[in-house]
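# Understanding the architecture of this molecule
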Amino acid sequence: MEQRFDDVDIAKGIGIMLVIMGHIEYNYVPFCGSVHIPLFFILAGYLYDIDKTQNRTYGELTGRRVKRLLIPYFIYNMILYVKYLLKLILSHTFTMRLGVQGLLGFVYSSALFYKNVPAEENFEGFIFGNAPLWFLTAMAVSSVIFYFIIYFVLKHRFDWRRIIASSVVLCLFSYALCRILPVYLPWSIEAALLGTVFMLMGMCLRKYQVIERAEKHYWLPVVCVLLFAMLHYLNGPANLALQDYGRFMSVYLVLGLLGTIIVLCISRLLARSRIMNQSLSYVGQNTLIILAFHMTCISILVSVLNKIHLDMLPEWGGFFVISFAVGLFGSLLLNEILTRFIKVPKRFL
């Protein structure tokens, strides 16, 4: 039986809400890209217990992890793909090119194919509301590399020197691929290399009990907030999916770490409130389905507004709040329908 960490579930809930905010037009939370994706990678490493996997083989552990990521990836993509095809057919806009493009896109799992080419001239991979799902394939690749480091580099012993050395190699390799290759690699391999670095950071956070220390010394979270604000201003917006790290990759790594520490500290505080604990933990335990369907929910909202000639509403600040609510609660409603009425096994959601 796996142990649940309420503060981690809350942190996941906060993280997925930041993901939704980052995907809304006229985004009012510019720091989302520096926090939400690094947060999930770091939490994956934070939850890993190096002492409990010594009796498992590399293939067993990796296979289990990859299966838990890729089965939902293909199920959600097929659901969204069928919906996309039906929409094209009913609107009489279906072409073989669009059908094949959508299929190739989710198999390749990359938003774009060419680097430094405008989107309108590029090959778009995610064209039916499935763009957020790139994270699942990237996490699968990161997990394979992470467990490789645990088994064959660290040999199941925590060694900060080898962790730092591995992180430096991964960063240099990721940077080289981003600079040299004219195309994005499948399954966001470049981003997955950096994701592995974040996972190693998460393991260090747990080993050195950083969050516990921050709870005892309240000035530490305050320092993290101030540093985060200054560094984000220096580095600018980022988008890991497109290997856009702002001005500096190194600063992006620090921002991801600081942002995660801040979110975990906030989660520890919120966990003391029964209402906040239950509600945010529920959101955090259903991040997969929210990740998969929040953009579809928001696109339905936009379509409805266009139908009633309120297409200028996105420029209104309230649209941000409405879109966030529709993306979050629409996905959670779908989750309840699938689990309670259709009886879809929870492991697929």
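Please refer to the structure placed before this passage.
For every chain, the first residue of its written sequence is number 1, and the numbers climb from 1 along that sequence. It should be noted that, the model being predicted, local features are given only for residues of pLDDT at least 70 and side-chain atom pairs only at 80 or more, the latter also being counted only at that level, while totals for whole chains, interfaces and linings use all residues. Side-chain metrics rest on all non-hydrogen atoms present in the structure, leaving aside hydrogens and water.

### Quick word on the side chain of Arg268
Numbering of helices and strands starts at the N terminus; helices are DSSP runs of H or I of at least 4 residues and strands are runs of E of at least 2. Turning to its location among the elements, Arg268 is positioned in helix H10 (residues 249-270). Throughout this description, buried means an accessible area under 20% of the type-specific maximum (1.4 Å probe, protein chains only), exposed means over 50%, and partly exposed covers the range between. Classification of Arg268 as buried rests on a relative accessible area of 15%. Polar contact criterion, stated in full: a pair of N or O atoms within 3.5 Å, where within protein one must be able to donate a hydrogen and the other to accept it, and residues adjacent in sequence count only if both atoms are side-chain atoms. For Arg268, the side chain forms a polar contact with the side chain of Tyr46, separated by 3.4 Å. Apart from the residues lying within four places of it in its own chain, the contact partners of Arg268 are Asp7, Tyr46, Ile211, Glu212 and Glu215. Two residues qualify as a contact provided that any one of their heavy atoms is within 4.5 Å of a heavy atom in the partner residue.

### Focus: helix H2 (residues 36-46)
Of all 11 residues making up H2, 11 are buried, and the element is well covered by its neighbours. If you check which residues of H2 are buried, you get His36, Ile37, Pro38, Leu39, Phe40, Phe41, Ile42, Leu43, Ala44, Gly45 and Tyr46.

### Some details on the packing of helix H9 (residues 219-235) against H10
Describing two packed helices takes the angle between their axes plus the distance from one axis to the other. Note on definitions: angles span 0 to 180 degrees between N-to-C directions of axes, and those axes are lines fitted to C-alpha atoms, for helices only across the stretch in contact. H10 packs onto H9 with a crossing angle of 145 degrees between their chain directions and a minimal axis gap of 9 Å. At the point where H9 passes H10, the crossing takes the left-handed sense. Listed contacts from H10 to Pro221, Cys224, Val225, Leu227, Phe228, Leu231, His232 and Asn235 of H9 are Val251, Tyr252, Val254, Leu255, Leu258, Gly259, Ile261, Ile262 and Cys265. Residues of the contact of H9 with H10, tallied by class, amount to 14 nonpolar, three polar and no charged. In this scheme the crossing of two helices becomes right-handed for a clockwise turn of the near helix relative to the far one and left-handed for an anticlockwise turn of less than a right angle. Side-chain classes follow a simple rule in which Ala, Val, Leu, Ile, Met, Phe, Trp, Tyr, Cys and Pro form the nonpolar group, Asp, Glu, Lys and Arg form the charged group, and the remainder, Gly included, forms the polar group.

### With respect to a nonpolar patch on the surface
Patch members must show over 30% relative accessible area and no salt bridge, and they are joined within 9 Å when carrying like charges or within 5 Å when they are nonpolar side chains of Val, Leu, Ile, Met, Phe, Trp or Tyr. Each accessible area value is a Shrake-Rupley result obtained with a 1.4 Å probe; residue values ignore everything except the protein chains displayed when judging cover. Counted as salt bridges are all cases of a side-chain nitrogen of Lys or Arg within 4 Å of a carboxyl oxygen of Asp or Glu. Among the surface-exposed residues, Ile89, Phe94, Met96, Val100, Leu104, Tyr114 and Phe123 lie close enough to one another that they form a single nonpolar patch of about 650 Å² accessible area. If one sorts the elements of the nonpolar patch by residue count, helix H4 (residues 96-108) sits on top with three residues. Classification of Ile89 as partly exposed rests on a relative accessible area of 48%.

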